[in-house]
Amino acid sequence: GIQVEQSPPDLILQEGANSTLRCNFSDSVNNLQWFHQNPWGQLINLFYIPSGTKQNGRLSATTVATERYSLLYISSSQTTDSGVYFCAVERISNTGKLIFGQGTTLQVKP
Amino acid sequence: DSGVTQTPKHLITATGQRVTLRCSPRSGDLSVYWYQQSLDQGLQFLIQYYNGEERAKGNILERFSAQQFPDLHSELNLSSLELGDSALYFCASSRQGSGNTIYFGEGSWLTVV
């Protein structure tokens, strides 16, 4: 099956710093989503981004489908950004199910 | 609020017991997915239904079963529970069967003691 690798596995930032999270995937996809799992366990949709670039406030994401990777940028980080960030992909010609990476655990210190 | 509703939010039960987790998808969504999140396995896809029919199966144990009803809500049944079944169970939904945004509910925390 398709492999999804996220890096780094762990990240500690000082409040106000910027960061880039990476997601590599091993096959062509027709869906890629970024999620933030907060300390209460909720999985929050950040982006639906099978290709191209999107921005939402301090967050932006870029997916280069031909090179099979996606990047999530967090600027001016805040303590509320702490949690686990997941990348999940749906393989082309598949049923719609998302395959998740192992996540990047982000801790933002005040 | 994603619009996907899961009940119960928390559940504690004993080994050998059976529980049912319930999910109401977002209005208009035809596809429902179930995922299990445990510390050692991460987020694992269990099963998908589309408009009442099973569409895909993942790492779902034989002790587990699911169904999607005509009103599109879904239930995940977990039986002969073991300690290792303790996990966070997510339901998710999407408009179509593939290639569109999937929205997750808040999850059901299951603890087996």
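Every value quoted in this text rests on a predicted model; they were computed, and no experiment measured them.

The strands making up a sheet associate through backbone hydrogen bonding, with each pair oriented either parallel or antiparallel. Residues and elements named next belong to chain B. On the basis of which strands lie adjacent, the open sheet formed by 4 strands has the order 1-3-8-7 and antiparallel pairing. If you trace the sheet from one side to the other, it starts and ends with strand 1 (5–7) and strand 7 (64–68), each paired once. Ignoring strand direction, the axes of neighbouring strands in this sheet form an average angle of 15°. Relative to strand 8 (residues 74–78), strand 3 (residues 19–24) is paired through 5 bridges, and the arrangement is antiparallel. Within the sheet, the bridge partner assigned to L21 lies in strand 8 and is L76.

The interface of chain B with chain A comprises 22 residues on the first partner and 20 residues on the second. Across the interface of chain B and chain A, roughly 1,600 Å² is buried in total on both sides, 53% from carbon and sulfur atoms. Looking only at chain B, the three residues that lose the most surface to chain A are L43, I102 and F104 of chain B, adding up to 29% of its buried area. Here chain B and chain A share 0 salt bridges between them. Counting across the chain B and chain A interface gives 6 residue pairs in polar contact (both at pLDDT 80 or more).

Thresholds applied
- Residues numbered from 1 in each chain as written.
- Chains lettered and ligands numbered in written order.
- Predicted model: local features only at pLDDT ≥ 70, side-chain atom pairs only at ≥ 80, totals over all residues.
- Heavy atoms only, no water.
- Pairing = 2+ DSSP bridges.
- Helix = DSSP H or I, 4+ residues; strand = E, 2+ residues; numbered from the N terminus.
- Axes fitted to C-alpha atoms, helices over the stretch in contact; angles between N-to-C directions.
- Contact = heavy atoms within 4.5 Å.
- Buried area = accessible area lost by both parts, 1.4 Å probe.
- Salt bridge = Lys/Arg side-chain N within 4 Å of Asp/Glu carboxyl O.
- Polar contact = N/O pair within 3.5 Å; in protein donor to acceptor, adjacent residues only side chain to side chain.

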